[in-house]
Amino acid sequence: MARRERQQGMTGHIYEAVLSPAEGGGYDVRVPDLPGCFSFGDDRMSALAMAADAMRTYVASLMLHGSPLPEPTFAKVDESEEAVPVYFETDASYVVPGERMSAAEAARRLGVSAGRVTHLIASGALDGYRIGRHTYVTVTSVERRIQEGARPGRPRTKIAS
């Protein structure tokens, strides 16, 4: 089995995610060591994956702003909850700098569908990212796209080299 190389600058972290069954199904997730870090998933595995992404973004933001990283603690939880240690790697480059807007707002400003915004992000024509269930687009990439003007056809998908 090939070992995946860590990207230069990336650091590994472990924090505890606490899963609670959600009222309408799925799982709510909180990270006690990272105040305000919450997520949700339709099942246990997606909840943990979403939690890892939320933690990655949270810690990357702390790094970007030069804030100290909290020491991980592992506490007892209620019997209705499950505590799971989650490992992730991140660095400050994981956070996209600048002002952002929702994908829906980007679609309104560009006069296209939300699906088209997703294609524009995938092709690299817009700078965007996901946090939990939400997609965000940088204001500067939307303004740049408006100035360039729309071109006919579907955006080209980047081909990995």
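Residues numbered from 1 in each chain as written. Predicted model: local features only at pLDDT ≥ 70, side-chain atom pairs only at ≥ 80, totals over all residues. Heavy atoms only, no water.

*Asks:* Before we move on, could you go through the environment of Gly 24 and cite the residues and values that matter?
*Replies:* Of note, Gly 24 is situated in the loop between strand E1 (11-21) and strand E2 (27-30). Using a relative accessible area of 85% as the deciding quantity, one classes Gly 24 as exposed. Along the backbone, Gly 24 and Asp 42 are 18 residues apart, and their C-alpha atoms lie at a distance of 9.7 Å. (Helix = DSSP H or I, 4+ residues; strand = E, 2+ residues; numbered from the N terminus. Buried < 20%, exposed > 50% of the residue type's maximum accessible area, 1.4 Å probe, protein only.)

*Asks:* Residues and numbers for the packing of helix H2 (residues 103-110) against helix H3 (residues 114-123), please.
*Replies:* Packing of H2 against H3 brings their axes to within 8 Å, and their N-to-C directions diverge by 100 degrees. Put simply, H2 runs roughly perpendicular to H3. In this structure, H2 uses Ala 103, Ala 106, Ala 107 and Leu 110 to contact H3, whose residues at the interface are Ala 114, Val 117 and Leu 120. (Axes fitted to C-alpha atoms, helices over the stretch in contact; angles between N-to-C directions. Parallel < 35°, antiparallel > 145°, perpendicular 65-115°, else oblique. Contact = heavy atoms within 4.5 Å.)

*Asks:* Please provide a residue-by-residue account of the environment of Thr 140, values included.
*Replies:* Relative to the assigned elements, Thr 140 resides in helix H4 (residues 139-148). For Thr 140, a relative accessible area of 54% corresponds to the exposed category. Taking the C-alpha atoms as reference points, Thr 140 and Gly 98, separated by 42 residues in sequence, lie 7.7 Å from one another.

*Asks:* Quick one: what's the story with helix H1 (residues 44-64), residue by residue and with numbers?
*Replies:* Helix length check: H1, at 21 residues, gives a terminal C-alpha distance of 30 Å against a target of 30 Å (1.5 Å per residue), a fit within 8%. Buried residues of H1: Ala 47, Leu 48, Ala 51, Ala 52, Asp 53, Ala 54, Met 55, Val 59, Ala 60 and Leu 62, and no others. Looking at where H1 begins, the residue whose side-chain oxygen comes 3.2 Å from the main-chain nitrogen of Met 45 is Asp 43. Count one or two residues on from H1 and you reach Gly 66, which has phi positive near 70 degrees. (Expected span 1.5 Å × (residues − 1). Polar contact = N/O pair within 3.5 Å; in protein donor to acceptor, adjacent residues only side chain to side chain.)

*Asks:* Residue-level account of the nonpolar core, with values.
*Replies:* One finds Tyr 15, Ala 17, Leu 19, Leu 34, Met 55 and Val 86 to be the most contacted residues of the largest nonpolar core, which totals 17 residues. Mapped onto this core, the elements with two or more residues apiece are E1, H1 and strand E4 (82-90). With seven residues, the top contributor of residues to this core is H1. Setting aside chain neighbours within four positions, we find Ala 17 in contact with Val 29, Arg 30, Leu 48, Ala 51, Met 55, Glu 82, Ala 83, Val 84 and Val 86. Ranked by size, the runner-up nonpolar core spans 12 residues in total, among them Met 101, Ala 106, Ala 125 and Leu 126. (Core = buried A, V, L, I, M, F, W, Y, C linked by side-chain atoms within 4.5 Å.)

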